[in-house]
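Here is what each chain is made of, one letter per residue.
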Amino acid sequence: MYNEVIKFSFIVSMIFCFCCCYEEKQVIKEDFLRNIEIHIPMDSLIKLSPKCRLPDYMSNEECPNLRYIIYYDSLMCSSCQLHRMGIWRSIIKHANSINKNKVNFLFVFNPKREDVLDFVEEFYSKKIMLDIYVDSCGVLESLNPIIQKNRTFHALLLNENYRIEAIGNPELNVRIEKKFYDFIEDYEKPQIHKFEER
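Residues numbered from 1 in each chain as written. Predicted model: local features only at pLDDT ≥ 70, side-chain atom pairs only at ≥ 80, totals over all residues. Heavy atoms only, no water.

*Asks:* Can you walk me through the overall build of the protein in this structure?
*Replies:* Scanning the protein for helices and strands turns up 7 helices and 7 strands. When the helices and strands of the protein are placed in sequence order, the string is α-β-β-α-α-β-α-β-α-α-β-β-α-β. Residue pairs in contact within the protein that sit at least 24 positions apart in sequence constitute 78% of those at least 6 positions apart. When the accessible surface of the protein is totalled, it reaches about 11800 Å², and 54% of it is carbon and sulfur. (Helix = DSSP H or I, 4+ residues; strand = E, 2+ residues; numbered from the N terminus. Contact = heavy atoms within 4.5 Å. Areas by Shrake-Rupley, 256 points an atom, 1.4 Å probe, with all protein chains shown as cover.)

Laid out in C-alpha cells, this is it:
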C-alpha cells in the first residue's frame, strides 16, 4: 500500500512538472511570436477581383489598423475553399458592424500549378464578392517559414507593422469567431492571442 502511495505521488509530481514546463514553453512561444514580422509579397501575387464586391469591403491598399491573412496551401482543396467563402462574407459583415474599417481580410490561395487556370475560371464563375490572391509559386511560404511549418499559422491577424497580433481561424468554429469579434472590439495594444475553443 505504501509503495502504491509513493508511486501515485510520483506520477502526480511528474504531471505537475510537465504542466509547468508546458506553460513556460507557451510563454516563450508567445514572446517569440511578438517579434515575427510576416512578409506579404503583393508583387508576386495574382489579384482576382469580383465583378460585384461586398459592400464596405476594404481592399488591401486601404491599409487599416489590422490585417487578417488567411492562407490556403496546395495541400488543401482550393475549389472546396472557394465554396466556403460565403462564410467569410458573413464574418466580414459582422466585423464591420462591430468596428468598421478596422480589419482588412487578405485571402491567399496556393493551388497546384496545374490547377491555377481552372481555379481562376471557377472564381469568376461564382459570386465570391471578395478579392482573393493567387500565390502560384508559393512565395508566401518561402518568405515566412513559420507558415510553411505549421497550419496553425495559416490564419494570422497582423498589426499595422505586419507583426502577429493573434492566431486562429474564425471560419472553423463559432466560439473562435466570437473571440475574434471580442478581440477587434477591444483591440488597443499589441499582444499575442490564440483563438482557441475552450
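Next comes the rest of the write-up.
*Asks:* What's the story with the pattern of salt bridges in this structure? I'm lost.
*Replies:* Should the charged atoms of two oppositely charged side chains come close, the side chains can pair. For the structure shown, the criterion picks out 5 salt bridges. Residue aspartate 131 pairs with lysine 47 through a salt bridge whose shortest N-O separation is 3.8 Å. Placement of aspartate 131 in the loop between helix H4 (116-125) and strand E4 (132-134) and of lysine 47 in strand E1 (residues 46-48) is noted, with a sequence separation of 84 residues between them. Classification of aspartate 131 as buried rests on a relative accessible area of 1%. Glutamate 122 is the partner of lysine 126 in a salt bridge, and the nearest nitrogen-oxygen pair spans 3.6 Å. A residue is classified by how much of its surface remains accessible, and lysine 126, at 26% relative accessible area, is partly exposed. Looking at glutamate 122, the relative accessible area reads 19%, which means it is buried. (Salt bridge = Lys/Arg side-chain N within 4 Å of Asp/Glu carboxyl O. Buried < 20%, exposed > 50% of the residue type's maximum accessible area, 1.4 Å probe, protein only.)

*Asks:* Mind showing me how you'd approach the nonpolar core here?
*Replies:* Generally speaking, soluble globular proteins have nonpolar side chains that are buried together. Counting residues in each nonpolar core, the largest one holds 30 residues, and the members touching the most others are Met85, Trp88, Phe105, Phe107 and Ile132. For this core, the secondary-structure elements that each account for two or more residues are strand E2 (66-72), helix H3 (85-98), strand E3 (103-109), H4, E4, strand E5 (155-158) and helix H7 (174-186). Methionine 85 has contacts with Phe107, Phe109, Ile128, Leu130 and Ile132, leaving out every residue within four places of it along the chain. (Core = buried A, V, L, I, M, F, W, Y, C linked by side-chain atoms within 4.5 Å.)

*Asks:* For this particular structure, what's the right way to read the pairing of E2?
*Replies:* Put simply, side chains in a regular strand alternate between the two faces of the sheet. Within E2, 7 of the 7 residues are buried, leaving the element largely enclosed by the surrounding structure. Examined bridge by bridge, E2 and E3 share 7 bridges and lie parallel to one another. Each residue of the ladder has a partner; that of tyrosine 68, found in E3, is phenylalanine 105. Taken together, the 4 bridges between E2 and E5 define a ladder with antiparallel strand orientation. Bridge pairing links tyrosine 68 to leucine 157 in E5. (Pairing = 2+ DSSP bridges.)

*Asks:* Would you take a moment to explain unusual backbone geometry for this structure?
*Replies:* Where the residue is not glycine, phi is negative for most of them; where a peptide bond is considered, it is trans in most cases. The residue methionine 129 is not glycine, and still its phi comes out positive at about 65 degrees. Looking at the element boundaries, methionine 129 is found in the loop between H4 and E4. A relative accessible area of 16% places methionine 129 in the buried class. Even without being a glycine, tyrosine 162 presents a positive backbone phi close to 65 degrees. Relative to the helices and strands, tyrosine 162 is located in the loop between E5 and strand E6 (164-167).

*Asks:* Just checking my understanding: could you explain the packing of aromatic side chains for this structure?
*Replies:* What characterises a pair of aromatic rings is the spacing of the ring centres plus the angle enclosed by the ring planes. Applying the stated criterion to the full structure yields 11 aromatic pairs. Among the aromatic residues, ring-to-ring pairing joins Tyr68, Trp88, Phe105, Phe107, Phe180 and Tyr181 into one connected group. (Phe/Tyr/Trp six-rings, centres within 6.5 Å; stacked < 30°, edge-to-face > 60°.)

*Asks:* Help me understand the state of the cysteines in this model?
*Replies:* What is meant by a disulfide is a covalent connection between two cysteines, made through their sulfur atoms. Going through the model one piece at a time under the given rule, you end up with 1 disulfide. One disulfide in the model links cysteine 77 with cysteine 80; its S-S distance is 2.3 Å. Between cysteine 77 and cysteine 80, the S-S torsion sits near 75 degrees, and that sign places the bridge as right-handed. Relative accessible area serves as the criterion here: at 37%, cysteine 77 is assigned to the partly exposed category. Owing to a relative accessible area of 40%, cysteine 80 belongs among the partly exposed residues under this scheme. (Disulfide = S-S within 2.5 Å.)

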